[in-house]
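Given next are the chains, with one letter for each unit.
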Number of protein chains: 2
Amino acid sequence: MNKPVTIKDIARKFRCSPSTVSRALNNHPSINEDTRRNLQEYAQKVGYQRNQVSLNLLNTKTASIGVIVPTINNYYESAIIEGIDGVLHPLGYTLNICVTNEQYLLESEYITKLLSNRVEGIFLSVSQETYDFGHYEHLENVGKRNLPLIFIDRDYEGFSAGSVTIDDYHGAFAAVQHLVNTGRKRIAHLKGPNGMAVTEQRFKGYAECLRQYGLPLEESLIINTNFKVESALEPTAQLLELDQRPDAIFGVNDQVAIGAMKVIREKGWRVPEDIAVVGFDNSPISAYISPSLTSVGRPGRQIGEEAARIFLNYPDAAAKRDNPVHIVLPSQLIIRDSSAGIRR
Amino acid sequence: MNKPVTIKDIARKFRCSPSTVSRALNNHPSINEDTRRNLQEYAQKVGYQRNQVSLNLLNTKTASIGVIVPTINNYYESAIIEGIDGVLHPLGYTLNICVTNEQYLLESEYITKLLSNRVEGIFLSVSQETYDFGHYEHLENVGKRNLPLIFIDRDYEGFSAGSVTIDDYHGAFAAVQHLVNTGRKRIAHLKGPNGMAVTEQRFKGYAECLRQYGLPLEESLIINTNFKVESALEPTAQLLELDQRPDAIFGVNDQVAIGAMKVIREKGWRVPEDIAVVGFDNSPISAYISPSLTSVGRPGRQIGEEAARIFLNYPDAAAKRDNPVHIVLPSQLIIRDSSAGIRR
DNA sequence: ATGTGGTTTGCAAACGTTTGAAATTTTTTG
DNA sequence: CAAAAAATTTCAAACGTTTGCAAACCACAT
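Residues numbered from 1 in each chain as written. Chains lettered and ligands numbered in written order. Predicted model: local features only at pLDDT ≥ 70, side-chain atom pairs only at ≥ 80, totals over all residues. Heavy atoms only, no water.

**Notes on the interface of chain B and chain A**
Where the parts come together, the accessible area they lose is often given as the size of the interface. Taken together, the contact pairs 59 residues of chain B with 60 residues of chain A. For the pair chain B and chain A, the summed buried surface comes to about 5300 Å²; carbon and sulfur atoms form 55% of the total. Its largest share of buried area at the contact with chain A, chain B owes to B:Met1, B:Gln49 and B:Tyr288, together 15% of the area lost on that side. Counting every contact that joins chain B to chain A gives 25 residue pairs in polar contact (both at pLDDT 80 or more). If you tally residues by element for the side of chain B that touches chain A, the top one is helix 6 (residues 104-116) of chain B, at seven residues. Its residues assigned to classes, the side of chain B that touches chain A comprises 23 nonpolar, 23 polar and 13 charged. (Contact = heavy atoms within 4.5 Å. Buried area = accessible area lost by both parts, 1.4 Å probe. Polar contact = N/O pair within 3.5 Å; in protein donor to acceptor, adjacent residues only side chain to side chain. Helix = DSSP H or I, 4+ residues; strand = E, 2+ residues; numbered from the N terminus. Nonpolar A, V, L, I, M, F, W, Y, C, P; charged D, E, K, R; others polar.)

Given below as structure tokens:
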């Protein structure tokens, strides 16, 4: 862990000025050919690495941008990051990935850190806690700096910024419509945590679809989960013990749907014959489990790409704080075995 | 996107020196109470954020460390990152997560970037390409700087550095032993890409176990995959068309095992009655699919934690370049339905 | 007035690099 | 050989912050 070699060190060694070394290493034309070669060779030998920190200071820019997400352990989130990186990496930007673990405190801490590290933009998928408590003071300084802020996946209407989200509403609607069309009458919903936009939009799609098809919205058929597979177990068991058992379950995501399927099987019912199951995310595994899972696909990668493009167009009027762009990408129902077969 | 307020701006506004502003904002005792309050209030109002870049330069340290992984879209990798962060975040370190997507070029580029950004340590899980081509020139400058480098998950013997890995060998051995003990005679292996340590260690465990139990090692029963679920489909189909069909399949990871199960079902065979299946990773989903998947668990989080501890102890002799620490954590077989039932 | 002691503020240097302009050295030319 | 031109190198400032040390200011006692 020895000190990095600096341009000054090299200059001292060669009894020349730091300017000369700098120009030599940057192939500046006004440097003598021999000098250039000697300096470059020596720099290479001692493993000189230009100090980017000093450059960032000098240029007052960093070519780095912050990405704050609740979790990375998940197909969808990492697809978003890939999408952002795919657009921004070729342009020389570096991503600064921060994982909040759904905690407001960490989110706030990371915002401060990113601002203080002078990132040139922030992509934010707000944590569950932030949503729950609804306080957005940590974004104030982002506003004061007028730094490009783009909400990804989870939007927050209270703060005027660009956003790229999924049409959860229509995705959910399509899923439930599919269940209705295949003859299901009592469709339960394993809902996410109350208050979150994803959760509520999907719920809305579910509720509205039932309404349009004249089916009742029954409270006993709607139970909260927290997106994790385990959180579906108890609620599903509860559903199966109802006097009027559901004949379909719409899970807020694939994890929950998979958890539900497990319980259904364990209780001796069949999927899809007795109970159809539909998830949300179209995670890679959903096509390979048995029965394969019908699911609503979200174009995670595309979200990231669109968000990156908003960032790149930021100086444009359209993307500005007073009139932010909101992109809503469609989701797509992918029908598989877990909901197959028409019922009469 | 307006310029950040600096300490100089504030000083100009208040007709005082930058030193005074700096001290006031840092609650230095020698600052007049009124001055302090005024300056702090103003700084707060205009959203002043100290410029960490300049501080990093001044102190020639950054309290940030690089983490280079092939992918983050995966339970295991993200558990490792969580582990590292869990230990290092409370101490004020910031992680700089880089995803190589298994490409040597990106890995090399990130190493350079991290060095040049003056990170204080690097955690590296080498990419598949790096492994394949076996060139480690990109690590030379890390060596010259004598910067703490810790291999996580995938070790490379050619470069003297600390490492934390999994005992893949014994994990694989245990998995195959379990299959043998439950009466399986023709155990196939869906191997990973040749040359990678994980792949080869697991293969070794498989091969050695067969040898110890007097079972032949048949080439036709060993086929390569690339860890992804799709990559198991064709190889499994191939296995099922053999004259002497296998009665068990040991997959290099859960994804591959799940892919294999799908094909087995589609061809009309039963798991585990006709063919037992065992995976590797104990990914969260493995307990919830049907049949639930027997798998070898890897303590990802613990890997990250141990690696972080090596980093923290780096000045110690034990962790130094000339005598690096190598920690090998045990893996653990978790038996589920996909391999249940004894056969005679 | 002068000195003492305490409080508060400012100066200047430092971190590593780049870059316009000035200075120096080398080469060319008449 | 001197002058002009060209090639090469150095100087100094800048980015934003901190900090040891010196300076300024104030109140109060002599």
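Don't stop here, the text continues.
**Looking at the nonpolar core**
Membership of the largest hydrophobic core comes to 136 residues, with the highest contact counts inside it found for A:Ile122 and B:Ile122. Those residues in contact with B:Ile122, other than ones at most four positions away along the chain, are B:Gly66, B:Ile68, B:Ile111, B:Leu114, B:Val142, B:Leu147, B:Pro148, B:Leu149 and B:Ile150. One finds A:Leu88, B:Leu88, B:Ile303 and B:Ile327 within the second-largest nonpolar core, a separate group that totals 49 residues. (Core = buried A, V, L, I, M, F, W, Y, C linked by side-chain atoms within 4.5 Å. Buried < 20%, exposed > 50% of the residue type's maximum accessible area, 1.4 Å probe, protein only.)

**Structural notes on the protein's contact with DNA strand C**
The full set close to DNA strand C counts 25 residues, and A:Ile7, A:Ser22, A:Arg23, A:Tyr48 and B:Thr20 are the nearest of them. In the interface set of DNA strand C, defined as its atoms within 4 Å of the protein, sugar plus phosphate atoms amount to 60%. In the environment of DNA strand C, a phosphate oxygen lies 2.4 Å from a nitrogen or oxygen atom belonging to the side chain of A:Tyr48. Between DNA strand C and B:Asn32, the relevant distance is 3.2 Å, taken from a phosphate oxygen to a main-chain nitrogen or oxygen of the residue. When contributions to the surface near DNA strand C are tallied by element, the ones reaching two or more residues are helix 1 (7-14), helix 2 (18-25) and helix 4 (52-59) of chain A together with helix 2 (18-25) and helix 4 (52-59) of chain B. When the residues that make up the surface near DNA strand C are grouped by side-chain class, the tally is seven nonpolar, 13 polar and five charged. (Near = heavy atom within 4 Å.)

**Here's the deal with the pairing of strand 1 (residues 64-69) of chain A**
All names here are of chain A. With six of its six residues buried, strand 1 lies for the most part within the structure. Pairing geometry for strand 1 and strand 2 (residues 94-99), over six bridges, is parallel. Pairing of Ile65 across the sheet is with Leu95, part of strand 2. As a crossover connection, the stretch from strand 1 through helix 5 (residues 75-88) into strand 2 is right-handed. Summarising the sheet, strand 1 and strand 3 (residues 122-124) pair through three bridges and their orientation is parallel. Bridge pairing in strand 3 links Ile68 to Leu124. (Pairing = 2+ DSSP bridges. Right-handed = clockwise from strand over helix to strand, strands pointing away.)

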